[in-house]
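The chain contents come next:
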Amino acid sequence: MSTRIDARFTELAKQGRSAFVTYVMAGDPDPTTSLEIIKALPKAGADIIELGVPFTDPMADGPSIQAAGLRALKAGMTLKKTLGMVRDFRKDDDVTPLVLMGYYNPIYIYGVDKFLADAKTAGVDGLIIVDLPPEEDDELCLPAMKAGLNFIRLATPTTDDKRLPAVLANTSGFVYYVSITGITGSASADSNVVGEAVARIKRHTRLPVCVGFGIRTPDAARAIAERANGAVVGTALVDALRGTLDAEGRATGKSVAAVADLVTALAQGVRGAKQAAE
Amino acid sequence: MNPGQPNSLPNSFRTGPDERGHFGNFGGRFVAETLMPLILDLEKAYAAAKADPSFAAEMKGFLKHYVGRPSPLYFAERLTEHLGGAKVYFKREELNHTGSHKVNNVLGQIMVARRMGKKRIIAETGAGQHGVATATLCARFGLECIVYMGAVDVARQAPNVFRMEMLGAKVIPVQSGTRTLKDAMNEALRDWVTNVHNTFYCIGTIAGPHPYPMMVRDFQCVIGDETREQMQEVEGRLPDSLVACIGGGSNAMGLFHPFLDDPSVEIFGVEAAGHGLTQLHAASIAGGRAGVLHGNRTYLLMDDDGQIQDAHSISAGLDYPGIGPEHSWLYENGRVTYLSATDDEALAAFQLLSRLEGIIPALESAHAIAKVVELAPKRPRDHLMVVNLSGRGDKDIPQVAEFLKGEKK
């Protein structure tokens with residue numbers, strides 16, 4: 001299975017640099033603004049887009065992403081509309097990998113087979129589903145692989161060497177290393193500790209390893225990019241967007257630019273990395 | 001049982017879950033990777049405890065001398081006369097230390113936490129009964145205790161908040177989402193993900209990822225096991241029917257499970273119908289469908305996009321948009337009948353029981369009584385009906401007083 005994700009990592013390897021992965025919430029603060037934002041991401045320097053699927057009960061997310069999800073739901077966002085947004089994005093961009101990130105219930109209710117077919121058609125490349133560990137691979141991971149979508153697994157500081165093979169077994173695209181035990185937008189990890197963890201994972205897999213949780217600044221992004229194949233930033237972008245909203249939580253003229261500007265700065269951080277991890 | 005075959009009837013209803021935590025199509029382990037290694041550790045620790053006679057002996061000692069078990073099986077003579085049908089017995093869980101069945105489970109989990117060397121205990125609570133039980137046992141064993149409680153519930157269950165604080169627990173009001181039990185559970189899970197190295201999550205009901213639904217059920221089965229023995233002593237036979245209220249469903253499962261393989265015993269679970277099933281309610285089976293939340297697949301209240309909906313019940317302990325996965329399974333295979341009682345029916349039962357028997361029940365338990373009022377008159381006088389009086393109503397007095405004052409206006 002070769003996807004836009006594999007192609008992107010191959011291309012980045014040739015350039016000798018790591019990936020900058022951006023997370024934004026689909027439909028935050030409204031579907032129209034949100035589409036403009038994801039369209040602006042590649043131009044601003046995002047190599048891979050993670051698109052959050054809003055859910056009422058995001059148990060691994062901190063207050064920023066929780067609030068972003070609720071703003072999107074209030075604006076009428078659904079999983080179906082999220083797929084529609086991906087379709088619209090693909091009209092102008094057929095190369096930037098796009099990964100949906102969220103929780104299982106909306107997909108389960110949509111219907112797994114129908115979802116996978118619709119996601120593939122819309123131009124989704126991969127899935128990150130927080131509440132589906134390898135123990136539940138029958139649910140979505142194995143059907144997704146069959147449907148030609150990457151299933152990107154989260155590895156965490158609690159995933160020890162004994163467990164890593166099980167976590168990596170059905171993973172494809174890349175491995176997402178969660179650098180802290182915690183929720184999104186909380187503490188930051190020491191980049192040296194992260195480097196050791198990435199090296200440990202790489203002893204078990206040839207897949208690229210991207211690192212997320214707690215990366216907020218260009219310097220932090222650079223430090224991670226020197227130790228992993230990619231740095232993921234989410235909460236900082238969601239916060240930048242929130243900072244531009246009016247008192248009722250609606251988009252303003254500054255909203256799209258605020259996200260794009262931060263992406264540009266962070267992308268420079270990633271590109272300034274001395275050398276990417278092998 | 002094989003997953004995906006929820007309707008095939010097993011030889012026994014008491015063998016579940018399977019090794020992956022499934023009750024038919026329900027249950028499972030839908031959690032973030034960070035928690036998975038710990039959940040596997042817990043499964044091992046619990047299996048080891050279950051196999052260790054000293055664990056059972058220690059539990060037995062504390063259940064007797066600290067909790068005050070066995071709880072009486074009481075013949076409710078005046079209620080029986082009033083209803084004019086079945087002979088109604090109460091399993092008096094409200095007489096337990098801390099005032100509800102919750103303590104049975106908490107004692108078990110705290111014993112397991114001690115075996116695992118965990119010093120920091122977190123819990124979620126709705127009405128505050130589970131929070132109070134957890135705070136109590138943490139005080140008894142010198143453990144740090146943090147209780148997450150929806151801000152709405154903090155307001156409507158003030159006496160229990162004070163009790164928890166008196167016992168040395170830290171109560172954290174949860175402001176996210178609907179600010180009730182489901183959000184308290186989200187917040188507890190977020191704490192657990194963050195502090196996984198030293199923290200034990202003491203879940204209050206038979207929900208969450210495997211092994212919780214099984215473990216909590218096992219600890220609550222003392223209710224049904226005692227009932228069986230006591231009824232044998234008093235009436236020389238099995239009861240004919242069982243009735244219990246259901247939020248997550250732990251008091252009900254504790255009473256029901258030991259009788260699941262006795263086909264002569266009719267079993268009724270009572271969900272909270274709130275303002276009515278066509279309006280805001282908390283009846284996941286009557287008004288929901290299968291979905292995935294809080295670590296397990298089960299019946300949930302949700303919209304067409306899979307977004308979880310707000311539950312409503314006058315009883316904070318039943319105000320949850322889901323139900324334990326084993327109940328979902330028992331519903332689909334038909335072994336248990338699920339009914340529902342509205343806020344108004346529960347309030348009427350609350351007052352009826354107070355006046356007829358001199359027992360003020362928890363609003364949760366009043367839902368079960370409300371259905372006994374309907375079921376008992378339709379059954380013969382030699383029919384033995386046991387209702388789980390799962391909690392006492394002291395905590396609800398201020399709220400009920402407010403409500404009745406409002407009605408009179």
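Residues numbered from 1 in each chain as written. Chains lettered and ligands numbered in written order. Predicted model: local features only at pLDDT ≥ 70, side-chain atom pairs only at ≥ 80, totals over all residues.

**Considerations on the overall build of chain A**
The number of helices and strands found in chain A is 12 helices and 9 strands. Relative to its length of 278 residues, chain A is compact, with a C-alpha radius of gyration of 17 Å against a globular reference of 19 Å. Along the longest, intermediate and shortest principal axes, the C-alpha atoms of chain A span 50 × 40 × 35 Å. Residues classed as buried in chain A amount to 57% of the 278 residues present. (Helix = DSSP H or I, 4+ residues; strand = E, 2+ residues; numbered from the N terminus. Rg over C-alpha atoms; globule rule 2.2 N^0.38 Å. Buried ≥ 20, exposed ≤ 12 C-beta atoms within 10 Å, placed from the backbone.)

**Overview of the interface of chain A and chain B**
On the chain B side, the residues contacting the 34 residues of chain A number 28 residues. The set of elements that each furnish at least two residues to the side of chain A that touches chain B consists of α3 (63-74), α5 (104-110) and β6 (154-155) of chain A. For the side of chain A that touches chain B, the element with the highest residue contribution is α5(A), accounting for 6 residues. Classifying every residue of the side of chain A that touches chain B gives 18 nonpolar, 10 polar and 6 charged. (Contact = placed C-beta atoms within 7 Å. Nonpolar A, V, L, I, M, F, W, Y, C, P; charged D, E, K, R; others polar.)

**Some words on the packing of helix α2 (residues 31-44) of chain A against helix α4 (residues 79-90) of chain A**
Residues and elements named next belong to chain A. It is at 10 Å that the axes of α2 and α4 come closest, and there the two elements cross at 40°. As far as their axial angle goes, α4 and α2 are oblique. Every pair of crossing elements has a handedness; the one defined by α2 and α4 is right-handed. Counted together, P31, S34, L35, I38 and K39 of α2 and K81, M85, D88 and F89 of α4 form the full contact between these two elements. When its residues are assigned to classes, the contact of α2 with α4 shows 5 nonpolar, 1 polar and 3 charged. (Axes fitted to C-alpha atoms, helices over the stretch in contact; angles between N-to-C directions. Parallel < 35°, antiparallel > 145°, perpendicular 65-115°, else oblique. Left-handed = near helix turned anticlockwise from the far one by under 90°.)

**Concerning the sheet that holds strand β13 (residues 337-342) of chain B**
Residue and element names in this part refer to chain B. Taken in spatial order, the 6 strands make up an open sheet running β3-β4-β14-β9-β10-β13, and their pairing is mixed. What marks the edges here is a single partner per strand, and that holds for β3 (73-75) and β13. Neighbour to neighbour, the strand axes of the sheet diverge by 25° on average, direction disregarded. Both β3 and strand β4 (residues 87-91) contribute to a ladder of 3 bridges, which runs antiparallel. Looking at β4, one finds that F75 is bridged to Y89. (Pairing = 2+ DSSP bridges.)

**Quick notes on the pairing of strand β8 (residues 209-212) of chain A**
Residue and element names in this part refer to chain A. Of the two faces of β8, the one carrying V209 and V211 and the one carrying C210 and G212 are both buried. Here strand β7 (residues 175-178) runs beside β8; their pairing, made up of 4 bridges, is parallel. Within the sheet, the bridge partner assigned to V175 lies in β8 and is V209. Assessed by its sense of winding, the connection that carries the chain from β7 through helix α9 (residues 191-202) to β8 is right-handed. Bridge analysis of β8 against strand β9 (residues 230-233) gives 2 bridges, and the strand direction is parallel. (Right-handed = clockwise from strand over helix to strand, strands pointing away.)

**Quick word on the environment of D92(A)**
Residues and elements named next belong to chain A. Mapped onto the secondary structure, D92 falls in the loop between α4 and β3 (98-102). For D92, a count of 9 C-beta atoms within 10 Å corresponds to the exposed category. Residues D92 and K39, 53 residues apart in the sequence, show an inter-C-alpha distance of 8.3 Å.

**Digging into the nonpolar core**
One finds Y177(A), C210(A), A231(A), L237(A), M385(B) and V387(B) to be the most contacted residues of the largest nonpolar core, which totals 227 residues. With 8 residues, helix α12 (residues 255-271) of chain A is the largest single contributor of residues to this core. Once residues within four sequence positions are removed from consideration, L237(A) is found in contact with T22(A), Y23(A), V24(A), V259(A), L262(A) and V263(A). (Core = buried A, V, L, I, M, F, W, Y, C linked by C-beta atoms within 7 Å.)

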